[in-house]
Amino acid sequence: MDIEVQPEEPPPVSKKRELKQEPLSLTPEKVIEILNGEPTCESPVDLSLLYEQLVHIRIPPLQWNNFTLTPEQLKLTNTSYSVVLTGQWQYGEMPFISGGPLLDDYVFSQIHFHWGGIVQEDSPSKKCNKIWILSGSEHSVDHDQYPFEMHVVFHKRSCESHEAAKSVADGIVILVYLCADVTEEPNPYLEPITRNIRKFFEAFTIMPVELVPLCTIVPMFTDDYLLYASYMKYKCNHRILWLISRESFPISLYQLCKFQSVRNKHSQPITNPFRQVQPLEERSMFLVNPSRTLESLIHFREDLTTVQEFFDEGSADVKSKEEGENAAGAKVIEKVPVIKKKKKMKKKKGKKKLSSLEEDSSADLE
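Keep in mind the model is a prediction, meaning the values are calculated, not measured.

What counts and what doesn't
- Residues numbered from 1 in each chain as written.
- Predicted model: local features only at pLDDT ≥ 70, side-chain atom pairs only at ≥ 80, totals over all residues.
- Heavy atoms only, no water.
- Phe/Tyr/Trp six-rings, centres within 6.5 Å; stacked < 30°, edge-to-face > 60°.
- Helix = DSSP H or I, 4+ residues; strand = E, 2+ residues; numbered from the N terminus.
- Pairing = 2+ DSSP bridges.
- Core = buried A, V, L, I, M, F, W, Y, C linked by side-chain atoms within 4.5 Å.
- Buried < 20%, exposed > 50% of the residue type's maximum accessible area, 1.4 Å probe, protein only.
- Contact = heavy atoms within 4.5 Å.
- Salt bridge = Lys/Arg side-chain N within 4 Å of Asp/Glu carboxyl O.

Brief notes about the packing of aromatic side chains
1) Next: What the rule picks out here adds up to 14 aromatic pairs.
2) Next: Between Phe 67 and Phe 154, the aromatic rings sit 6.3 Å apart at their centres with planes inclined by 45°, giving tilted as the arrangement. Residue Phe 67 is found in the loop between β4 (62-65) and β5 (73-78), and its partner Phe 154 is found in strand β13 (residues 148-156); the two are separated by 87 residues along the sequence.
3) Next: Ring centres of Phe 148 and Phe 259 lie 5.1 Å apart, and the angle between their planes is 55°; this geometry places the pair in the tilted category.

Describing the pairing of strand β3 (residues 54-58)
1) Next: Note that strand β1 (residues 24-25) and β3 share two bridges and pair parallel. In the sheet register, Leu 24 faces β3, and the bridge partner there is Ile 57.
2) Next: As judged from the four bridges shared by β3 and strand β20 (residues 285-288), these two strands associate in the parallel manner. Bridging across to β20, His 56 finds its partner in Leu 287.

What about the nonpolar core?
1) Next: Within the largest apolar cluster, 54 residues are counted, with the highest numbers of intra-cluster contacts made by Ile 111, Phe 113, Phe 148 and Leu 175.
2) Next: Take this core: its biggest share by element is five residues, from strand β8 (residues 106-115).
3) Next: In this structure Ile 111 touches Val 83, Val 84, Leu 85, Met 150, His 151, Val 152, Leu 214, Ile 217 and Val 218, once residues within four positions along its chain are discounted.
4) Next: Counting residues in each nonpolar core, the second largest holds 26 residues, with Leu 49, Leu 54, Ala 180 and Ile 298 among its members.

Examining helix α4 (residues 253-260)
1) Next: Where burial is concerned, most of α4 is hidden: eight out of the eight residues are buried.
2) Next: Buried within α4 are the following residues: Leu 253, Tyr 254, Gln 255, Leu 256, Cys 257, Lys 258, Phe 259 and Gln 260.

Here's the deal with the environment of Pro 28
1) Next: The topology assignment puts Pro 28 in helix α1 (residues 28-36).
2) Next: The contacts of Pro 28, once residues within four sequence positions are left out, are Pro 60, Gly 100, Pro 101 and Leu 103.

Quick notes on the pattern of salt bridges
1) Next: Per the counting criterion, the structure on display carries seven salt bridges.
2) Next: The salt bridge partner of Asp 105 is Arg 157, with a shortest N-O separation of 3.4 Å. Taken together, the residues span a long stretch of sequence, with Asp 105 in the loop between β7 (96-99) and β8 and Arg 157 in the loop between β13 and α2 (162-165) at a distance of 52 residues.
3) Next: The class of Asp 105 is partly exposed, set by a relative accessible area of 23%.
4) Next: In this structure, Glu 163 and Lys 166 form a salt bridge, with 3.4 Å as the shortest nitrogen-oxygen distance.
5) Next: Glu 163 gets classed as exposed once you look at its relative accessible area, which sits at 52%.
6) Next: Since its relative accessible area comes to 10%, Lys 166 is described here as buried.
7) Next: Via salt bridges that share partners, Glu 191, Arg 195 and Glu 210 belong to a single interconnected network.

Quick word on the sheet that holds strand β11 (residues 140-141)
1) Next: Taken in spatial order, the three strands line up as β2-β11-β12 in an open sheet, and their pairing is mixed. The sheet terminates laterally at β2 (46-47) and β12 (144-145), the two strands that pair on one side only.
2) Next: Where β11 meets β12, two bridges bridge the pair, whose relative direction is antiparallel. Across the sheet, the residue bridging to Val 141 is Asp 144, located in β12.

Overview of unusual backbone geometry
1) Next: The phi angle at Asp 142 is positive, at roughly 50°, despite the residue not being glycine.
2) Next: Along the chain, Asp 142 turns up in the loop between β11 and β12.
3) Next: Residue classification places Asp 142 among the partly exposed residues on the basis of a relative accessible area of 38%.
4) Next: The phi torsion at Asp 224 lies on the positive side, around 60°, for a residue other than glycine.
5) Next: Here Asp 224 is to be found in the loop between β16 (205-208) and β17 (225-232).
6) Next: Overall, the relative accessible area of 13% leaves Asp 224 in the buried class.

Okay, here's the thing in structure tokens:
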């Protein structure tokens, strides 16, 4: 009698992947030398821990300077392409970063944002319709785009201005914060921004922002980030050094709706303010001072309740309006009553109109 032997089941595979390569200890000078020899390819790119050219390295930690000092002025500008935050500090108090892969001090220039849309399933037979957060990030992660991305832009101190830095090979550095979590609770880092976005934030206008230190808007990281270089070839030809934080930068549904209310020069909501993902080609990508676990490229926060979980519980009553541009037969969420809205602030005098501004492209932001 033939006896069929059942193969043994393989042991369960852990979801966490341990660090497979020992990080190389490099000097910042060596890192920049490698990046300077890279092909002149553009950004953004797809981010992944699986690239063969992803090299784990150890370099000195990134340093943050003057980020706790209060500015003399902060303002939001609607460029008709995005929302840009700029500020002024007293002489010698301008926030800047140093250390890490940087061979010089890099002074704060501006912050701008990239976001996507929100659509809700239109099915009267269901008590709780599912919602989808549309792609809005510039960088993708394993070919998936996230709903929101924040860029913090710096220019080399030896350059007189951001524009002057564009003509220097190592003039611009951008820190990237990717939103992988759309949550019920607002992100406190975004509150100084979203509190000052009015319902109709028209193109080419400036809105004053309450004076808060930059550390209350920008999360400061020293290690565990991705590093690569690219070239901006539209209107100019300058290199950008990208540092992408691996900590998820959450945003609430209400905050995301605030960004969606921003208008372009045609008095329509700004849609898809992001560029197409470019191939990495033969460029190197560094994982700097990595954490010991590589479960995912972006670290999700387990203490956050996601919006979809919140909606699935049936505890939110969402008011919506028709918006055919985003999805056929779908509804765009206008506001979420479960998130307490801030008291309306009195209108400040001196709201300015920028007559000299023209519509900015994504290249102008960098």
